Amino acid sequence: MTPLDLTKLPDFLKTQRWFAGKAWPIKSVSVVDHVTMELGTCSFTLAIIEVIYELGNPERYQIMARQTPEGLVSALEDDDCVRAVFNLAREGRQVASGSGRVVGEWIASTDSGVALPDPLSVRRLNVEQSNTSLVLGERVIVKVIRKLEAGVNPEYEVGRFLATKTSFRATPQLVGALNLEGPGGATLALAHRFVPDAVDGWKYTLERLRQEKALGDGFLADMRDLGARLGELHKAFASAGPDDLAFSPEPLLQEDLQRWSASIVGELGVTLADAGRLHADLEGRRDGLIAYAKRLAQVAPSGQKIRIHGDLHLGQVLRSKDEWLFFDFEGEPSRSFTARREKYSALRDVAGMIRSFDYAEATVALEGGQPRGRVGPTRDAFLEGYRQAARGAAFLPDSDEAFNVMLRAFELEKLLYEVRYELANRPDWVRIPVEALLRMEDAQ
Ligand SMILES: Nc1ncnc2c1ncn2[C@@H]1O[C@H](COP(=O)(O)OP(=O)(O)O)[C@@H](O)[C@H]1O
Ligand SMILES: O=P(O)(O)O[C@H]1O[C@H](CO)[C@@H](O[C@H]2O[C@H](CO)[C@@H](O)[C@H](O)[C@H]2O)[C@H](O)[C@H]1O
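The rules behind each value
- Residue numbers run consecutively from 1 along every chain, following the written order of its sequence.
- Key to labels: chains lettered from A, ligands numbered from 1, both in the order written.
- Per-residue local features are limited, in this predicted model, to residues with pLDDT of at least 70; the limit for side-chain atom pairs, both in listing and counting, is 80 or more; totals at the level of whole chains, interfaces and linings are taken over all residues.
- Placing the C-beta atom from the backbone, one calls a residue near a molecule or strand if that atom lies within 6 Å of it.
- Put simply, DSSP H or I for four residues or longer makes a helix, DSSP E for two residues or longer makes a strand, and each gets a number counted from the N terminus.
- Note on residue categories: nonpolar means Ala, Val, Leu, Ile, Met, Phe, Trp, Tyr, Cys or Pro, charged means Asp, Glu, Lys or Arg, and polar means any other residue, Gly included.
- What counts as an axis is a line fitted to C-alpha atoms, over the stretch in contact for a helix, and the angles between N-to-C directions run from 0 to 180 degrees.
- An angle below 35 degrees is read as roughly parallel, one above 145 as roughly antiparallel, one from 65 to 115 as roughly perpendicular, and any other as oblique.
- Handedness of a crossing follows from how the near helix is turned relative to the far one, being left-handed for an anticlockwise turn of less than a right angle and right-handed for a clockwise one.
- By the criterion used throughout, residues are in contact when their C-beta atoms, derived from the backbone, lie within 7 Å.
- UniProt positions are given in the numbering used here, feature names are shortened, and annotations may be inferred rather than shown by experiment.
- As used throughout, domain bounds are those supplied by an automatic or database domain assignment.
- Between any two strands, pairing holds if DSSP finds at least two bridges.

Engineer: Honestly, the site of ligand 2 in this entry has me stumped. Any pointers?
Structural biologist: Residues in close proximity to ligand 2 total 13 residues, the closest being His 313, Leu 314, Arg 355, Ser 356 and Tyr 359. If one sorts the elements of the shell around ligand 2 by residue count, helix H10 (residues 347-368) sits on top with 3 residues. Of the residues assigned to the shell around ligand 2, the class counts are 5 nonpolar, 3 polar and 5 charged.

Following this line, the structure appears as structure tokens:
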């Protein structure tokens, strides 16, 4: 097989949808590890490359490509190669790499439900995404992970935990994975059950808000259900035994609350410094907002820290057959894997979803002046479902007051994250979290 022409990599990267560094001048690209894949009719190079920019931190990416006289071509454009990559996981095969090995894994306990058609069709998911997803036989969705981080991938770890250690099924089950073991170790691909005809929660909610000026009972019942499923997800996380160190619940201590509170105050400083130039009126809210974070440090500690979803919003749930399913457990993309794997208060996920209701209402209002005021009932229904499902759980704070103070502080934390996220990615959207910050009443 012709080796890859490394001098062509920067140009190749700039044409790839998943490449996050398009705006930055590249200084150099080097290969950290590679595998020559000779898989039946398909041959290509799987390479882990490191991109060094003129400015900023280096990034690692996975490419699966082959050299042709016309230039580099992605192997995933070839259906046979997609099937061959999938079969590495399906058959639990191993292939040596330059400094480690690629290990395929098929999760036996979920196998029985995945009857794959033969021949196995391949469909590319043409959506804006930071990875590359392919649907096989309309039964399995394989996500080839592009930007690689150091450490254990939370989406792999959580998917494996839920599929093998719990009976929680409100999620497309993880059925297989490809991991690179060795010095450049990383999760390379994940295979989940594909949910046909699913609509994501964001599209679903926007549609309902567009149609229903006054929210109907059906929509509020769906939101109650969403809350209940989240309560069950948290109960599944909290069910880990004491030997499962990555998942077992831990007591929530005063120092946790103090650490989280200090971190929110720090994020407030950074965020107002960035956003304050565009939205001068935010500065006047600084003290009022700091009070929310400070109240968090004064709460009497109760409940537990558990593993959580970590980046929960309406785009991270699917609606299919009148059921909600949670997916994409990779956590907030801007944080390190270590930070995303930390145990936290479950209320952080609750706050994330509540923020999404405000985003949905603001989006519909911007489209054509639909009335405001629908976040409150949506939030109430969602919280009612959550509290009912999680009632008596050891991970929840032991008083309503602590519940509310913590929830408000995590809503503020998410709002600040959203301001930074929007400034970096979608400046036109920054007004949504900024306006919500301006609306926050003074903490009691
Ligand atoms: N199991 C699944 N079944 C059906 N559709 C899915 C499934 N998982 C993901 N999707 C769809 O694929 C899109 C991209 O998946 P996601 O895991 O969010 O990729 P990325 O992390 O690259 O953004 C999602 O927005 C969703 O619409
Ligand atoms: O889905 P990702 O893991 O990439 O999450 C990131 O992008 C989200 C936007 O796509 C962002 O979510 C924010 O916008 C949503 C509407 O597009 C809204 O529903 C969310 O509530 C809001 O936070 C998310 O924060 C970011 O991590």
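Back to the text.
Engineer: I tried to follow the packing of helix H5 (residues 201-211) against H10 on my own but got confused; where do I start?
Structural biologist: Packed helices, taken two at a time, are described by their axes: the angle between them and the distance between them. Their axes nearest at 10 Å, the elements H5 and H10 cross at an angle of 50°. As judged from the angle between their axes, H5 and H10 are oblique. The handedness of the crossing between H5 and H10 comes out as right-handed. Judged by residue contacts, Trp 202, Thr 205, Leu 206, Leu 209 and Arg 210 of H5 engage Ala 360, Glu 361, Thr 363 and Val 364 from H10. A class-by-class count of the residues in the contact of H5 with H10 yields 5 nonpolar, 2 polar and 2 charged.

Engineer: So what exactly am I meant to see when it comes to the UniProt feature "domain: Aminoglycoside phosphotransferase" (unreviewed entry) in the protein here?
Structural biologist: Here the UniProt-annotated "domain: Aminoglycoside phosphotransferase" (unreviewed entry) positions come out as residues 123-330. Along residues 123-330 one finds 38% helix and 21% strand; the C-alpha atoms at either end are 23 Å apart.

Engineer: Where do I start with the domain arrangement of the protein in this structure?
Structural biologist: Domain parsing of the protein yields domain 1 (6-77), domain 2 (80-193) and domain 3 (199-439). Summarising the inter-unit geometry, the C-alpha centres of domain 1 and domain 2 are found 20 Å apart. Counting residues at the interface gives 21 residues for domain 1, matched by 23 residues for domain 2. Those elements that provide at least two residues to the side of domain 1 that touches domain 2 are strand E1 (26-39), strand E2 (42-53) and strand E3 (59-68). Per-element tally for the side of domain 1 that touches domain 2: the top contributor is E1, with 6 residues. Of the residues contributing to the side of domain 1 that touches domain 2, the split by class is 14 nonpolar, 4 polar and 3 charged.

Engineer: Explain the UniProt feature "domain: Maltokinase N-terminal cap" (unreviewed entry) in the protein to me, please; I cannot follow it from the model alone.
Structural biologist: The sites that carry the UniProt feature "domain: Maltokinase N-terminal cap" (unreviewed entry) are, in the present numbering, residues 12-65. Spanning residues 12-65, this segment combines 6% helix with 61% strand, and its end C-alpha atoms are found 10 Å apart.

Engineer: Which parts of the structure should I look at to understand the pairing of strand E4 (residues 71-74)?
Structural biologist: Both faces of the sheet carry side chains from a regular strand, because those side chains alternate between them. In this structure, E3 lies alongside E4, joined through 4 bridges in antiparallel fashion. Paired with Ala 65 across the two strands is Ser 74, which belongs to E4. Hairpin geometry of E3 and E4 is characterised by an intervening segment of 2 residues between the two adjacent antiparallel strands.

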